[in-house]
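Single-letter residue listing:
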Amino acid sequence: MSPDLPPVVPSVTAELVAALSPRLRKRLDAGVTKLLARPVVREGDTVRIAVDDETDVVLRAPGGTVTGADAIHCGCLLAPDCLHRAAAASAAPVAEEAPAPAEITETREETETAPTEPDTATSEQRAAARAVFDAAAAVLEAGTDGAGAVLQAELLHAAHTARLAGLPRASAAAVSVVTGVRAARSADPGHRLTDLAGTLAGVLGVTHRLPHATGPDLTELRGTARQPYRPDGSLRLYGLFSEPVLTATGYAGAVTWTADADGRLYTVSDVAPGGPSRATGAADRAVRIGDTTLTHRELSRAGLAVSGATVSPTGRLGAGAGVRAVRASGADWRAEPLDRLWAVPAAEQVARALNGGQDLLFLEVTLEGTVWETTGDCLLADCAGLPLRLATAHDDPALPYRDNLRLLAAAGGSRLRIVARLAPGPCPRALLLATEHPTDSGARVDLGLDRLRRADLPAGAVAPPARAMSTGDEAPLHLLRRRVHQAVPGGRRVLALAGNRPGDGARLRRLGLATAGDLLDDLHAAAADRSRDSFGRLLPADTGRFARAWLAAAVYTDEVERALCAAAWGASATEARGA
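Residues numbered from 1 in each chain as written. Predicted model: local features only at pLDDT ≥ 70, side-chain atom pairs only at ≥ 80, totals over all residues. Heavy atoms only, no water.

Draft legend 1. The overall build of the protein chain, seen in detail. The number of helices and strands found in the protein chain is 19 helices and 16 strands. In summary, the protein chain has a C-alpha radius of gyration of 25 Å against a globular reference of 25 Å for 579 residues, a match within 12%. Taken along its principal axes, the extent of the C-alpha atoms in the protein chain is 75 × 60 × 55 Å. The buried share of the protein chain, reckoned over its 579 residues, is 51%. Long-range pairs, those at least 24 residues apart, make up 65% of the contacts in the protein chain between residues at least 6 apart in sequence. For the protein chain, the accessible area works out to roughly 26100 Å², and carbon and sulfur atoms hold 52% of it. Taking the average location of the 63 positive side-chain charges in the protein chain and that of its 68 negative ones, the two points are 4 Å from each other. (Helix = DSSP H or I, 4+ residues; strand = E, 2+ residues; numbered from the N terminus. Rg over C-alpha atoms; globule rule 2.2 N^0.38 Å. Buried < 20%, exposed > 50% of the residue type's maximum accessible area, 1.4 Å probe, protein only. Contact = heavy atoms within 4.5 Å. Areas by Shrake-Rupley, 256 points an atom, 1.4 Å probe, with all protein chains shown as cover. Lys, Arg positive; Asp, Glu negative; His and termini not counted. Charge placed at Lys NZ, Arg CZ, Asp CG, Glu CD.)

The following block contains the structure:
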C-alpha cells in the first residue's frame with residue numbers, strides 16, 4: 001500500500017479486480033508489487049504512475065478520493081481491461097465510501113425521529129452479512145501472508161454490498177480488515193498484530209450474530225452510517241492536548257482534546273487524505289470551528305467559547321454554519337477545572353474504558369526508567385504503587401513519539417501528570433500521549449507533535465539501561481492467545497502444521513481454564529480437518545468451521561484478558577462490565 005496514492009473507495013477496487021480474467025488475477029499481486037516500485041507524480045487532484053517509459057496509469061481524485069472506476073486510466077494497449085488499473089486501485093489506501101443520497105443531510109434537531117428499522121434482519125441483510133463473513137473467513141484461512149489483492153477485493157466487494165444493504169458497521173469493519181492486511185503485508189510501522197486480530201474478530205463476530213439478532217441487539221449490529229450531530233448549546237472548553245493522526249487508510253491530520261468545567265471531553269479534528277507530512281503539519285493549521293484563528297497547537301494550551309455547538313455521540317464538535325467560536329483563556333492541568341480529571345482513581349478510569357467509555361487515562365506517575373519488550377523499549381513508571389508501562393502511541397519514524405519516550409527515560413525520579421490511552425493487557429500498560437514538561441513547571445508536551453531536547457531534562461539526567469521484566473501473564477492463557485495470533489499472519493496452514501502440543505489443553509484445564517483447553521483443542525481440530533474424496537484427493541476446506549472455532553477462541557481470550565486487565569489496575573470485573 002502506498003500513501004503517495006489517493007484513497008480509492010472499496011467498490012472501485014472490487015469492480016476493477018472482478019473485471020480481470022482468471023489469468024490476470026493470478027498476476028495481480030506481482031503487478032501491485034511492481035507498481036509500488038514505480039515513480040509517482042502528483043499534480044493537483046491527478047496522480048500519475050509511470051508503468052514504463054511509454055505508459056502511465058493516471059488516477060483522478062477530485063476532493064482527494066477516487067470514487068469511480070472511470071477515474072483510473074491506463075495508456076497501455078490492453079486498457080481498459082488491463083492489469084495496471086486493478087493493481088493501482090489495490091496498491092492505494094482504502095477510502096470511505098461516498099455517502100449515499102439518503103445520508104447527505106444537514107444535522108437534524110434532536111427532536112426529529114429517525115426512520116424506524118424493522119426488528120428483524122431482512123433477507124438482503126442476512127445475505128450481505130453471510131457474504132462478509134465468508135469473505136473474512138477466506139482471509140483468515142489464507143492469513144495475511146496469503147491474502148493477496150484478489151481476496152482483499154472480494155472482502156471489499158462484500159463490504160460494499162453490506163453498506164448498500166444497510167449494514168454500515170459490518171461494512172466498516174470489513175474495510176478495516178483489508179486496511180490491516182495491507183499494512184501487515186507492506187510492513188507498515190503502524191501495524192500491530194493484536195489490533196488486526198481484534199479487527200478480524202470484530203467483523204466475524206458482527207456478521208455471525210447479525211442474521212439471528214432482533215430488537216436493540218440488531219440495531220447495534222447494524223450500526224449507523226454517520227454520526228449524528230446534535231445541538232449542545234453554549235460550551236466553555238479548556239484545551240488538554242493535541243495528537244497526530246496517521247492511519248493506514250491514507251488519512252492524516254490532528255485531533256485536539258478539550259474538556260468543559262464538568263470534565264466532559266470534546267474533540268476538534270482536522271483529518272483528510274495525506275501522509276506523515278500532513279500529520280506533523282496539521283497542528284499548525286487553524287481549527288475548523290466558527291471564526292476562530294486558533295491552531296490546534298494553540299488550542300491545546302488555550303480555551304474556546306462556543307455558541308450554537310453541535311456534538312457527535314463521541315464528543316466530536318461539529319463545524320456547521322450556525323456554530324460560533326472565539327478564543328478564551330486556558331487552564332493549567334493542576335488548576336480547576338482540569339485538575340478534576342486527574343482526581344479520578346486510575347481503577348475507575350480503567351473500568352470506564354473497559355466498559356466501552358472514553359479510553360483516555362489521566363494519571364500522575366513517577367518515572368523509573370525503561371523496560372524491554374518484544375515490541376521495543378517502554379517507560380516504567382510508578383502509578384500510586386502500580387508498576388505501569390508506557391509505550392509509544394505510534395511507531396512511524398516521522399512522528400516524535402519514540403524519540404521523546406527515549407529522552408523521558410533519562411528523567412527518572414520525575415513526578416509528572418500524563419495523558420495516556422489504555423492498552424488492555426494482563427499488566428498495567430498504556431500508550432503515552434502527553435505529559436507535563438520535565439523541568440518547565442506548567443508547560444506541557446504533546447509527545448506526537450513536540451520534540452523534547454536534552455536541555456529539557458533535569459541536570460545530569462542519564463537514561464538507565466533497559467531491563468527485561470516478566471510480562472505479568474502468569475495464567476497460561478498465552479497457550480491459547482498464541483494460536484489465535486498465529487492464525488492471523490499464517491492462516492489455517494500454520495496451525496495445522498504446528499499441531500496441538502501434547503498437554504497444552506490438559507494444562508489449561510488443570511489450572512482452572514477448562515473452557516480455554518476445550519477451545520484450543522477445537523481450534524487445532526478445525527485447522528487439521530481436511531477430508532478426502534474416494535480417490536484420496538483433498539476436498540475444499542471448511543473455512544466456516546475454522547473461522548467459527550477461531551472466533552470462539554478470540555472472543556474468550558479477549559474476555560479473560562479484559563478481566564485480567566481490570567484486576568491488574570485494581571478495577572473489579574463487575575465494574576469493568578458496567579454492571
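Okay, back to it.
Draft legend 2. Region of interest: the pattern of salt bridges. Inspection of the entire model under this criterion finds 29 salt bridges. Two residues, arginine 264 and aspartate 232, come together in a salt bridge whose shortest N-O distance is 3.3 Å. Separated by 32 residues along the polypeptide, arginine 264 in the loop between strand S6 (251–259) and strand S7 (265–273) and aspartate 232 in strand S5 (residues 230–246) bring together distant segments of the chain. Aspartate 232 sits in the partly exposed class, given a relative accessible area of 25%. A salt bridge links aspartate 284 to arginine 297, with the shortest nitrogen-to-oxygen separation between them at 3.0 Å. Here aspartate 284, found in the loop between helix H10 (276–281) and helix H11 (296–299), pairs with arginine 297, found in helix H11; they are 13 residues apart in sequence, far enough to count as distant. Each of Arg334, Asp339, Glu364, Arg415, Arg417 and Glu436 takes part in salt bridges that share partners, so that together they form one network. (Salt bridge = Lys/Arg side-chain N within 4 Å of Asp/Glu carboxyl O.)

Draft legend 3. Region of the structure containing the nonpolar core. In this structure, Leu240, Leu338, Leu363 and Trp569 are the most contacted members of the largest nonpolar core, which totals 65 residues. In this structure, leucine 338 is in contact with Tyr238, Gly239, Leu240, Ala259, Ala331, Asp332, Trp333 and Arg444, ignoring residues within four places of it in sequence. Within the second largest apolar cluster, 60 residues are counted, among which are Ala170, Val203, Ala553 and Tyr556. (Core = buried A, V, L, I, M, F, W, Y, C linked by side-chain atoms within 4.5 Å.)

Draft legend 4. Quick look at helix H8 (residues 193–209). When the terminal C-alpha atoms of H8 are compared, their 24 Å separation across 17 residues agrees well with the 24 Å that a helix rising 1.5 Å per residue should span. Those residues of H8 that fall on the buried side of the exposure criterion are Leu196, Ala197, Leu200, Ala201, Val203, Leu204, Gly205, Val206 and Thr207. (Expected span 1.5 Å × (residues − 1).)

Draft legend 5. Seen up close, the sheet that holds strand S3 (residues 56–60). With antiparallel pairing, four strands are arranged side by side in an open sheet as S1-S2-S3-S4. Taken across any chain shown, the strands that pair with only one partner, and hence form the sheet edges, are strand S1 (40–43) and strand S4 (72–74). Here the average twist between neighbouring strands, direction ignored, is 20°. As paired elements, strand S2 (residues 46–50) and S3 share five bridges and run antiparallel to each other. Looking at the pairing, arginine 48 lines up with valine 58 of S3. (Pairing = 2+ DSSP bridges. Axes fitted to C-alpha atoms, helices over the stretch in contact; angles between N-to-C directions.)

Draft legend 6. Quick peek at the environment of glycine 202. Mapped onto the fold, glycine 202 is located in helix H8. Along the chain, glycine 202 and alanine 170 lie 32 residues apart, while their C-alpha atoms are 8.7 Å from each other.

Purely spatial values, then, with no claim about function.
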